[in-house]
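One letter stands for each residue in the lines below.
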Amino acid sequence: MSDASVTIRVATAEDAALIAEMSQRTFYDTFAAANTTANMDKFLSEQFSIAMLVAEVSEPGNLFLLAECEGRPAGYARLREDNNPPELAGLPTLEIARIYAVKEMIGQGVGKALMQAAIDIARSGSKQVIWLGVWEKNETAIAFYTRWGFEKFGEHPFILGDDVQTDWLLKREV
């Protein structure tokens, strides 16, 4: 699976430290300007620790895809099964729990390659819907998902540190 010089591979537990570092860096680069330092620090330490990522990478129903560009880490996606919101109850779905590209690789096809890989995996797994949550104020990400045919179908709370924010739930047919 590749897009130009972007290659995609399935991550293993040995990649957890790399995924944790990319998670912290990309999340900080994307959201620090819109959130307090205290809330960012709390979220990053709770959600993106190496121990947490090792557990997630090894957890059944999770699949991590690593994007590399010329051998360098460029981003990743976390795909999850069996985590449907009530609106999708009973449907065979795949959730894109995270899709991150490192700042210097944005615009280089990393997101495109990860999204196409996620859709291909959903198709090969006979999923009917692929879905995700995105912060309502992340206009760049919402525009990216809209170009891929995702449409809003709901909302849910997202807790960043001590701040309760709103994520839009977006879906598309596979």
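Scroll up a little and you will see the structure.
Since the model is a prediction, treat every value here as computed from it, not as a measurement. (Residues numbered from 1 in each chain as written. Predicted model: local features only at pLDDT ≥ 70, side-chain atom pairs only at ≥ 80, totals over all residues. Heavy atoms only, no water.)

Of regular secondary structure, the protein chain possesses 5 helices and 8 strands. Reading the secondary structure of the protein chain in the N-to-C direction produces β-β-α-α-α-β-β-β-α-β-α-β-β. Taken against the 2.2 N^0.38 rule, which gives 16 Å for 174 residues, the C-alpha radius of gyration of the protein chain at 15 Å falls within 12% of a compact globule. Residues counted as buried form 45% of the 174 residues belonging to the protein chain. Across the protein chain, contacts joining residues at least 24 apart in sequence account for 64% of those joining residues at least 6 apart. Side chains of the protein chain carry 16 positive and 25 negative charges; the gap between the two charge centres is 4 Å. (Helix = DSSP H or I, 4+ residues; strand = E, 2+ residues; numbered from the N terminus. Rg over C-alpha atoms; globule rule 2.2 N^0.38 Å. Buried < 20%, exposed > 50% of the residue type's maximum accessible area, 1.4 Å probe, protein only. Contact = heavy atoms within 4.5 Å. Lys, Arg positive; Asp, Glu negative; His and termini not counted. Charge placed at Lys NZ, Arg CZ, Asp CG, Glu CD.)

Turning our attention to the packing of helix 1 (residues 16–31) against helix 3 (residues 50–58). At a minimum axis distance of 8 Å, the contact between helix 1 and helix 3 shows a crossing angle of 120 degrees. Viewed along their axes, helix 1 and helix 3 adopt a mutual orientation that is oblique. Judged by the sense of rotation from one axis to the other, the crossing of helix 1 with helix 3 is right-handed. Contacts from A16, A17, I19, A20 and S23 in helix 1 reach I50, L53, V54 and V57 in helix 3. Broken down by class, the residue content of the contact of helix 1 with helix 3 amounts to 8 nonpolar, 1 polar and no charged. (Axes fitted to C-alpha atoms, helices over the stretch in contact; angles between N-to-C directions. Parallel < 35°, antiparallel > 145°, perpendicular 65-115°, else oblique. Left-handed = near helix turned anticlockwise from the far one by under 90°. Nonpolar A, V, L, I, M, F, W, Y, C, P; charged D, E, K, R; others polar.)

With respect to the helices and strands, T93 occurs in strand 5 (residues 93–101). A distance of 2.3 Å separates polar atoms of two side chains, one belonging to T93 and the other to N84. Among all residues touching T93, those that are not within four sequence positions of it are E81, N84, L88, K127, V129 and W131. (Polar contact = N/O pair within 3.5 Å; in protein donor to acceptor, adjacent residues only side chain to side chain.)

The next subject is helix 2 (residues 37–47). It helps to recall that an α-helix has 3.6 residues per turn; residues three or four apart then point in one direction. Those residues of helix 2 not exposed but buried are N39, M40, F43 and L44. The arc enclosing the buried residues of helix 2, seen along the axis, measures out at 125 degrees, which places them on a common side. Across from the buried face of helix 2, at angles greater than 90 degrees, the exposed residues are T37, A38 and S45. Turning to helix 2, the residues buried within the fold contact helix 1, strand 7 (151–160) and strand 8 (163–173). (Arc of directions from axis to C-beta.)

For the coordinates displayed, the defined rule picks out 10 salt bridges. With a closest N to O distance of 2.7 Å, D162 and K42 form a salt bridge. In this pair, D162 is assigned in the loop between strand 7 and strand 8 and K42 in helix 2, connecting sequence segments 120 residues apart. Given the relative accessible area of 30%, K42 is considered partly exposed. Linking E56 and R78 is a salt bridge whose minimum nitrogen-to-oxygen distance equals 3.3 Å. Of this pair, E56 sits in helix 3 while R78 sits in strand 4 (residues 72–80), and the two are 22 residues apart along the sequence. In this structure, a network of salt bridges that share partners links the residues R9, D15 and E68. (Salt bridge = Lys/Arg side-chain N within 4 Å of Asp/Glu carboxyl O.)

Membership of the largest hydrophobic core comes to 51 residues, with the highest contact counts inside it found for F27, I96, M115, Y145 and F150. Among the elements that take part in this core, helix 4 (residues 110–124) stands out by supplying 8 residues, more than any other. Discounting residues that sit within four places of it in the chain, F150 has contacts with I96, M115, I130, W131, L132, Y145, L170, K171 and R172. (Core = buried A, V, L, I, M, F, W, Y, C linked by side-chain atoms within 4.5 Å.)

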